[in-house]
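# An overview of the molecular structure
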Amino acid sequence: MNKENTYPADEKLGALLRESRVSPALPPRFQENVWRRIEDAEAPAKSGGSIAWLEALVALMLRPRFACATVAALMVCGILLGAHSGAQIARHDAEARYVASVSPDSVR
Amino acid sequence: MNRPLVIFLGVLVLGAAIFTGSYFAGQRACANMMQGADDLSWLQTEFHLSDAEMAHVRQLHEGYLPQCMKLCAKIAAKKDEVAVALANGTNVTAEVQKKLAELGELHAQCQAQMLQHFVDVSRAMPPEEGRQYLAEMERITIGFDGVEQSMSPSGHGNN
């Protein structure tokens, strides 16, 4: 290799080749377009942040322990609130039955 | 729509369904469980009556019902008479007025009898519960608390 570099003809040839390489002219607004493409490339990465957050939440929800605890909590809350409401309904129904038995609609 | 969002929405719907199902199951179970055996069960639970007090109240109730039904039958018959009298003409005749007065008299008798029954029942209860019962029954059946306000001059406006 060192031998090849020492040939003066090759140096000349290299210089000629470098001169013959034409650098193409840049298209108009080249730099601006480059920045725009960079910004566009970064934009999906930003929206991907919310997807990542949702994915983390879904992963948490699908954990068996968390899912079981949530289902149990929902059932307990539902049954307690329903029982409270049912007690009120039963009380009103019983009151209405008694009132209807002692005071017919025709005299009220 | 992306997959995590679909799963998230599915989980929310499932959670809402579990809660709603539990709510209505609890409501129905409790309402069925607390449903009284007869018309008087409300008195025992609401006013914490003992079995002896309840037996006395039941006796009063059974004594009152035939009288109540008798007056109700008279009221129904009088209403029919008023309807017939009204159907015979287009004016409020003397006969219609007489029938209406008789109907009002029957209503008054029925209400007086009913109030007397409430007083009797309230005396069969402990004093505080008796007062509460009487106030509640007067409010429900006669409309005390509400009727007086709506019938007052201010309730009628200034016309």
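Because the structure is a prediction, the values reported are computed rather than measured.

So, about the overall build of chain A. Within chain A, the secondary structure is distributed over 4 helices and 0 strands. Taken across its 108 residues, chain A has 11% of its residues classed as buried.

Our focus in this paragraph is the overall build of chain B. Helices and strands together make up the secondary structure of chain B, namely 7 helices and 0 strands. By residue count, 16% of the 159 residues in chain B fall in the buried class. Sequence separation of at least 24 residues holds for 52% of the intrachain contacts in chain B that already meet a minimum separation of 6.

On to the packing of helix α4 (residues 64-102) of chain A against helix α1 (residues 3-34) of chain B, then. Following both chains from N to C, one finds α4 of chain A and α1 of chain B inclined at 35°, their axes separated by 6 Å at the closest point. Two packed elements cross with a definite hand, and for α4 of chain A against α1 of chain B that hand is right-handed. Considering only residue class, the contact of α4 of chain A with α1 of chain B consists of 20 nonpolar, 9 polar and 1 charged.

We note that arginine 29 of chain A has phi near 55°; this positive angle belongs to a residue other than glycine. Within the fold, arginine 29 of chain A resides in the loop between α2 (8-20) and α3 (30-61). Even without being a glycine, histidine 48 of chain B presents a positive backbone phi close to 50°. Residue placement: histidine 48 of chain B occurs in the loop between α2 (41-47) and α3 (51-87).

As a further point, take the interface of chain A and chain B. In this complex, chain A contributes 34 residues to the contact, which on the side of chain B involves 37 residues. Elements supplying a minimum of two residues to the side of chain A that touches chain B: α3 and α4 of chain A. Among the elements that line the side of chain A that touches chain B, the one with the most residues is α4 of chain A, at 23 residues. When grouped by side-chain class, the residues that make up the side of chain A that touches chain B number 22 nonpolar, 8 polar and 4 charged.

Here we take up the confidence of the model for chain B. All names here are of chain B. Averaged over all residues, the pLDDT of chain B equals 86, while 89% of them reach at least 70. This stretch, residues 146-159, has a pLDDT under 50; its non-local contacts, to residues over four places away or in other chains, come to 2 contacts. Among the prediction metrics, the complex's ipTM stands at 0.76, with pTM recorded as 0.64.

Residues and elements named next belong to chain B. Structurally, methionine 69 can be placed in helix α3. Of the residues examined, methionine 69 has 11 C-beta atoms within 10 Å and is grouped as exposed. Taking the C-alpha atoms as reference points, methionine 69 and cysteine 110, 41 residues apart in sequence, are found 9.7 Å from one another.

Right, let's talk about helix α4 (residues 94-123) of chain B for a bit. Taking 1.5 Å of rise per residue, 30 residues should cover 44 Å, and α4 of chain B covers 43 Å from first to last C-alpha, within 8% of that figure. Restricting attention to buried positions, one finds in α4 of chain B the residues Lys99, Leu106, Cys110, Met114, His117, Phe118, Val121 and Ser122 of chain B. Here the buried face of α4 of chain B lies against α4 of chain A together with α3 and α5 (127-142) of chain B.

Below, the discussion takes up the packing of α3 of chain B against α4 of chain B. When two helices pack together, their arrangement is captured by the angle between the axes and the distance separating the axes. Residue and element names in this part refer to chain B. Put simply, α3 and α4 touch, their axes get as near as 9 Å, and they point 170° apart. Here α4 runs roughly antiparallel to α3, going by the angle between their axes. Looking at the contact of α3 with α4 residue by residue, the class counts come to 15 nonpolar, 5 polar and 8 charged.

Here we take up the nonpolar core. One finds Tyr98 of chain A together with Leu43, Val57, Val121 and Met125 of chain B to be the most contacted residues of the largest nonpolar core, which totals 24 residues. Of all the elements in the fold, those that place two or more residues in this core are α4 of chain A together with α1, α2, α3, α4 and α5 of chain B.

Turning our attention to the confidence of the model for chain A. When pLDDT is averaged across chain A, the result is 82; 83% of the residues are at 70 or more. In the model of chain A, helix α1 (residues 2-6) of chain A stands out as the element of lowest mean pLDDT, 52, in contrast to α4 of chain A, which has the highest, 93.

What counts as what
Residues numbered from 1 in each chain as written. Chains lettered and ligands numbered in written order. Predicted model: local features only at pLDDT ≥ 70, side-chain atom pairs only at ≥ 80, totals over all residues. Helix = DSSP H or I, 4+ residues; strand = E, 2+ residues; numbered from the N terminus. Buried ≥ 20, exposed ≤ 12 C-beta atoms within 10 Å, placed from the backbone. Contact = placed C-beta atoms within 7 Å. Axes fitted to C-alpha atoms, helices over the stretch in contact; angles between N-to-C directions. Left-handed = near helix turned anticlockwise from the far one by under 90°. Nonpolar A, V, L, I, M, F, W, Y, C, P; charged D, E, K, R; others polar. pLDDT = per-residue confidence, 0-100. Expected span 1.5 Å × (residues − 1). Parallel < 35°, antiparallel > 145°, perpendicular 65-115°, else oblique. Core = buried A, V, L, I, M, F, W, Y, C linked by C-beta atoms within 7 Å.

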